[in-house]
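Tertiary structure, described
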Amino acid sequence: NAGVTQTPKFRILKIGQSMTLQCAQDMNHNYMYWYRQDPGMGLKLIYYSVGAGITDKGEVPNGYNVSRSTTEDFPLRLELAAPSQTSVYFCASSYDGGASVLTFGAGSRLTVL
Amino acid sequence: AQTVTQSQPEMSVQEAETVTLSCTYDTSENNYYLFWYKQPPSRQMILVIRQEAYKQQNATENRFSVNFQKAAKSFSLKISDSQLGDTAMYFCALRLYGQNFVFGPGTRLSVLP
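Here's what I pulled together on the structure shown here. Please read these numbers as outputs of a predicted model, since none were measured by experiment. (Residues numbered from 1 in each chain as written. Chains lettered and ligands numbered in written order. Predicted model: local features only at pLDDT ≥ 70, side-chain atom pairs only at ≥ 80, totals over all residues. Heavy atoms only, no water.)

1. Thoughts on the sheet that holds strand 7 (residues 64-66) of chain A
All names here are of chain A. Keep this limit in mind: Strand pairing is defined by DSSP finding a minimum of two bridges between the two strands. Here a strand is any run of E in DSSP of at least two residues, a helix any run of H or I of at least four, and the numbering for each starts at the N terminus. The convention used is that axes are lines fitted to C-alpha atoms, helices contributing only their stretch in contact, and that angles between N-to-C directions extend from 0 to 180 degrees.
Overall, antiparallel pairing links the four strands, which are arranged 1-3-8-7 in an open sheet. Because the sheet does not close on itself, it has two edges, and the strands there are strand 1 (4-7) and strand 7. Strand-to-strand twist of the sheet, defined as the mean angle between neighbouring strand axes without regard to direction, takes the value 20°. When strand 3 (residues 19-25) meets strand 8 (residues 76-78), the two strands line up antiparallel, connected through three bridges. Its bridge partner being in strand 8, Met19 is matched across the sheet by Leu78.

2. Brief notes about the pattern of salt bridges
All names here are of chain B. This is how it is decided: By definition here, a salt bridge exists when the distance from a side-chain nitrogen of Lys or Arg to a carboxyl oxygen of Asp or Glu is within 4 Å. Type-normalised accessible area, obtained with a 1.4 Å probe on protein chains alone, sets the label of each residue: buried when under 20%, exposed when over 50%, and partly exposed for intermediate values.
Counted under the stated rule, the structure contains five salt bridges over all chains. The salt bridge partner of Glu52 is Lys55, with a shortest N-O separation of 3.8 Å. The residue Arg63 makes a salt bridge to Asp86 at a minimum N-O spacing of 2.8 Å. You can see Arg63 sitting in the loop between strand 7 (60-61) and strand 8 (64-69) and its partner Asp86 sitting in the loop between strand 9 (74-79) and strand 10 (88-96), a full 23 residues away along the chain. Neither Arg63 nor Asp86 differs from the other in exposure class; each is buried.

3. A short note on the interface of chain B and chain A
Rule in force here: Whether two residues touch is decided by their heavy atoms; if any such pair falls within 4.5 Å, the residues are in contact. Once two parts are put together, the accessible area they lose, assessed with a 1.4 Å probe and summed over both, is termed the buried area. Any pair of nitrogen or oxygen atoms within 3.5 Å is treated as a polar contact; in protein, a donor-acceptor pairing is required on top of that, and neighbouring residues in sequence qualify only through side-chain atoms on both sides. Polarity classes work like this: nonpolar for Ala, Val, Leu, Ile, Met, Phe, Trp, Tyr, Cys and Pro, charged for Asp, Glu, Lys and Arg, and polar for all others, with Gly in that last group.
Chain B puts 21 residues into the contact, and the matching count from chain A is 27 residues. By the criterion of area lost to chain A, the three top residues of chain B are Arg43, Arg95 and Asn100 of chain B, representing 35% of everything that side buries. At the boundary of chain B and chain A, one finds zero salt bridges. For the interface between chain B and chain A, the tally reads ten residue pairs in polar contact (both at pLDDT 80 or more). Looking at the side of chain B that touches chain A, the elements that each hand over two or more residues are strand 5 (32-39), strand 6 (46-52), strand 10 and strand 11 (101-103) of chain B. Per-element tally for the side of chain B that touches chain A: the top contributor is strand 5 of chain B, with four residues. Residues belonging to the side of chain B that touches chain A are distributed by class as follows: eleven nonpolar, six polar and four charged.

4. Observations regarding the state of the cysteines
Defined simply, a disulfide is a covalent bond joining two cysteines at their sulfur atoms. Residue and element names in this part refer to chain A. Spelled out, the test is: For this text, the term disulfide refers to a pair of cysteine sulfurs within 2.5 Å.
Tallied over the full model, the rule gives two disulfides over all chains. Paired by a disulfide, Cys23 and Cys91 hold their sulfur atoms 1.8 Å apart. Because the torsion about its S-S bond is -70°, the bridge between Cys23 and Cys91 counts as left-handed. Of the two residues, Cys23 is situated in strand 3 and Cys91 in strand 9 (residues 87-94); the sequence distance between them amounts to 68 residues.

5. Remarks on the packing of aromatic side chains
Going by this rule: Aromatic contacts are taken between Phe, Tyr and Trp rings whose centres are within 6.5 Å, Trp giving its six-membered ring; a plane angle under 30 degrees counts as stacked, one over 60 as edge-to-face, and the others as tilted.
Scanning the model with the defined rule gives 16 aromatic pairs over all chains in all. Relative to Tyr35 of chain A, the ring of Tyr33 of chain A lies with its centre 6.1 Å away and its plane at 25°, an arrangement referred to as stacked. Take Tyr33 of chain A and Tyr35 of chain A: they sit in the same class, and that class is buried. Both rings, one in Tyr37 of chain B and one in Phe103 of chain B, keep their centres 6.1 Å apart while their planes meet at 55°; by these two values the pair is tilted. With Tyr37 of chain B in strand 5 and Phe103 of chain B in strand 11, the pair connects residues that are 66 residues apart, well separated along the chain.

Here it is as structure tokens:
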């Protein structure tokens, strides 16, 4: 049981490049999330999904896109990378919208130069 | 909108001593859940403890316990017999039923030998 798996762990992008952060969970969780964490700061929600085929914006969605074609996978797409997107990105999942805990991936450190 | 406040950006404690981290939150709802997450230098987010708002009894997990004061909207974390491995960022989080998690800004705890 791998939990939440994120790839890559580290990536350096040039300004204007695009990339996809992959996230997969094997716990049959319905809810999935993408957060970003800037140095010394807390977590900000980028996008979330309550089930396959359903996605919604969080508090900082600009410059990102997501899709949820299966229950297991929730990739995050960065279009036209900017230095402001330098951050650590966390994917997380939970079984439902109630008391179930949030299980996090190990994080992906992205640097945009 | 719900908010979570952690008023102590940094704290330190001697090994084997007890430390309490503060968290206050604001919501007008009655059905919610509270969490403490730990983020060690490895940056992996780990659940420490969870509390359902409808339960009056304070949650405990080994050396970790909470003081949940619903009327005061306070949810502090007590770490007993502090260990070097407790050194981490600690995030308090609130979740209303059916809604997203709201995280506080975090408290950086250093356990000193």
